[in-house]
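Topology and contacts: notes
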Amino acid sequence: MKTFTALLSIVLFTSLVGVVLVSLGVEQHHANPIWAIGTSLIFLVTLLIDVWMFFAIAGEEA
């Protein structure tokens, strides 16, 4: 059950990040190198937070 809760939390968090990025209009600035680097860093940080959240919530059950 902890694994399901962890996966649900990750989906919600990642969806929230996606909604924020779309509301900022990231898809309109993909050709700009500064926006591309910034978006890449946001994706990397989101991935790291997702992994941390999974192991923090699922614990030993993972």
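Details of the structure are given in the entry above.
No experiment lies behind these values; they were computed from the predicted model shown.

With that out of the way, let us pick up the packing of helix α1 (residues 2-24) against helix α2 (residues 33-58). Between α1 and α2, the least distance of the axes is 8 Å, while the angle of their chain directions is 160 degrees. On the basis of their axis angle, the class for α1 and α2 is roughly antiparallel. Crossing handedness for the pair α1 and α2: right-handed. Judged by residue contacts, Lys-2, Thr-3, Thr-5, Ala-6, Leu-7, Ser-9, Ile-10, Phe-13, Thr-14, Val-17, Leu-21 and Leu-24 of α1 engage Trp-35, Ile-42, Phe-43, Thr-46, Ile-49, Asp-50, Met-53, Phe-54, Ile-57 and Ala-58 from α2. Its residues assigned to classes, the contact of α1 with α2 shows 15 nonpolar, five polar and two charged.

What counts and how
- Residues numbered from 1 in each chain as written.
- Predicted model: local features only at pLDDT ≥ 70, side-chain atom pairs only at ≥ 80, totals over all residues.
- Heavy atoms only, no water.
- Axes fitted to C-alpha atoms, helices over the stretch in contact; angles between N-to-C directions.
- Helix = DSSP H or I, 4+ residues; strand = E, 2+ residues; numbered from the N terminus.
- Parallel < 35°, antiparallel > 145°, perpendicular 65-115°, else oblique.
- Left-handed = near helix turned anticlockwise from the far one by under 90°.
- Contact = heavy atoms within 4.5 Å.
- Nonpolar A, V, L, I, M, F, W, Y, C, P; charged D, E, K, R; others polar.

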